[in-house]
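Here is how the chains run, residue by residue.
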Amino acid sequence: MAGEAPLLGFGLPVSGAWATPETMRRVARRAEELGYASLWTFQRVLWPADGSLGPAHRSVLDPVVALAHVAGHTERIGLGTATICAPFTAPALLAKTMASLDVVTGGRLTVGLGIGWLPQEYAAAGVPLERRGARMEEYLRCLHALWTQDPVEFAGEFYTVPRSHLGPLPVQQPHPPVLLGGTADAALRRAGRLAQGWIGSSSHDLAGIGRDIETVRDGARSVGRDPSALRFLVRVVVDLRDVAAGPGRRPFQGSSGQVRDDLRALAAQGVTEVFVDLNLSPRVVGAGVDVAEATAYADRVLDELAPVAGESV
């Protein structure tokens, strides 16, 4: 199948038994060698004792610490969070952390943010669940001010920054790209109005993702922004097989050729970037999975799906 393909990234090992410092370094180096565009982490603060979340969420490294660890072992590959729950951290603290990470990585950072949804995490963070949308709107404006104004001063309903200097400022100007997660129309439009793009979840209906991308673009148009400048990132969980899957196969299940066809299908709907996240794969982080077998499978996925310079996927 001919056609353009999105930029391809890879999920850094941050969940479960395979998320060791050695494996993170090895995956990061290998992904860079193979030409992957980026490495991604995600945040899970708590795993509720009621077992309402699957094994992939039980033990998850901090997303910024994991990126900082591999930053010193790579040189070119992009680094991103998909996502951090913004309301759990004051904007000034997040601005400082992300500016520092952008500096030490030489401007390789993309800041993926979400609004969060797990009540237990909201309770532990001391943040009310109510009015999450309004809080996120103000959060993004405060974050932008912190990165672009020197001195900065901000006074809102939820956040206040006294007249101050934030240093060092990010390497990327005016600031690192911000991508927003979310599925509701309001969240999609918010990404278009206030961010540099949108992140689709692994559970998103990929067949209809083009409609959501158009909603994000509509949000950009509503405030006079260029919708063609936006980035659209999707997380996919690959189930790579030795032979092509037959009728009834799921997206990103089957041979490497079928997976590459699925990547091109996403690009045709407007997706600009995809990252393969095996942190959510039952073949890597499922109950009772052998760590050596899981890591070998991840190595195989890295190699078989590697971007080929000058060719469509």
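- Going by an unreviewed UniProt entry, the protein chain carries the name Putative F420-dependent oxidoreductase and comes from Humibacillus xanthopallidus.

## Points about the packing of helix α6 (residues 185-194) against helix α7 (residues 209-222)
- Look at α6 against α7: their axes get within 7 Å of each other, and the N-to-C directions meet at 50°. As summarised for this structure, α6 and α7 are arranged oblique, according to the angle between their axes. Remark: the crossing between α6 and α7 carries right-handed chirality. Contacts between α6 and α7 pair D185, L188, R189, A191, G192 and R193 from the former with D212, T215, V216, D218, G219, A220 and S222 from the latter.

## Some points on α7
- Across its 14 residues, α7 extends 20 Å between first and last C-alpha, which sits within 8% of the 20 Å expected from 1.5 Å per residue.
- Restricting attention to buried positions, one finds in α7 the residues I209, D212, I213, T215, V216, G219 and A220. For α7, the buried positions fall inside an angular range of 155° around the axis, keeping them on one side. Of the exposed residues in α7, those oriented more than 90 degrees away from the buried face are R211 and S222.
- As for α7, its buried residues are in contact with α6, β9 (197-200), β10 (231-236) and α8 (256-268).

## Comments concerning the nonpolar core
- The biggest cluster of nonpolar side chains holds 79 residues, and the ones touching the most others in it are Y36 and L113.
- Setting aside its immediate chain neighbours within four residues, L113 contacts T83, I84, A86, L94, M136, L140, L143, V178, L179, L180 and G181.

## Comments concerning the packing of helix α5 (residues 132-148) against α6
- At a minimum axis separation of 11 Å, α5 and α6 run at an interaxial angle of 15°. Considering the angle they form, α5 stands roughly parallel to α6. Between α5 and α6 lies a crossing whose hand is right-handed. Contact residues: α5 offers G133, M136, E137, L140 and R141, while α6 offers R190, R193 and L194.
- Of the residues that constitute the contact of α5 with α6, the class distribution is 3 nonpolar, 1 polar and 4 charged.

Conventions we followed
Residues numbered from 1 in each chain as written. Predicted model: local features only at pLDDT ≥ 70, side-chain atom pairs only at ≥ 80, totals over all residues. Heavy atoms only, no water. Axes fitted to C-alpha atoms, helices over the stretch in contact; angles between N-to-C directions. Helix = DSSP H or I, 4+ residues; strand = E, 2+ residues; numbered from the N terminus. Parallel < 35°, antiparallel > 145°, perpendicular 65-115°, else oblique. Left-handed = near helix turned anticlockwise from the far one by under 90°. Contact = heavy atoms within 4.5 Å. Expected span 1.5 Å × (residues − 1). Buried < 20%, exposed > 50% of the residue type's maximum accessible area, 1.4 Å probe, protein only. Arc of directions from axis to C-beta. Core = buried A, V, L, I, M, F, W, Y, C linked by side-chain atoms within 4.5 Å. Nonpolar A, V, L, I, M, F, W, Y, C, P; charged D, E, K, R; others polar.

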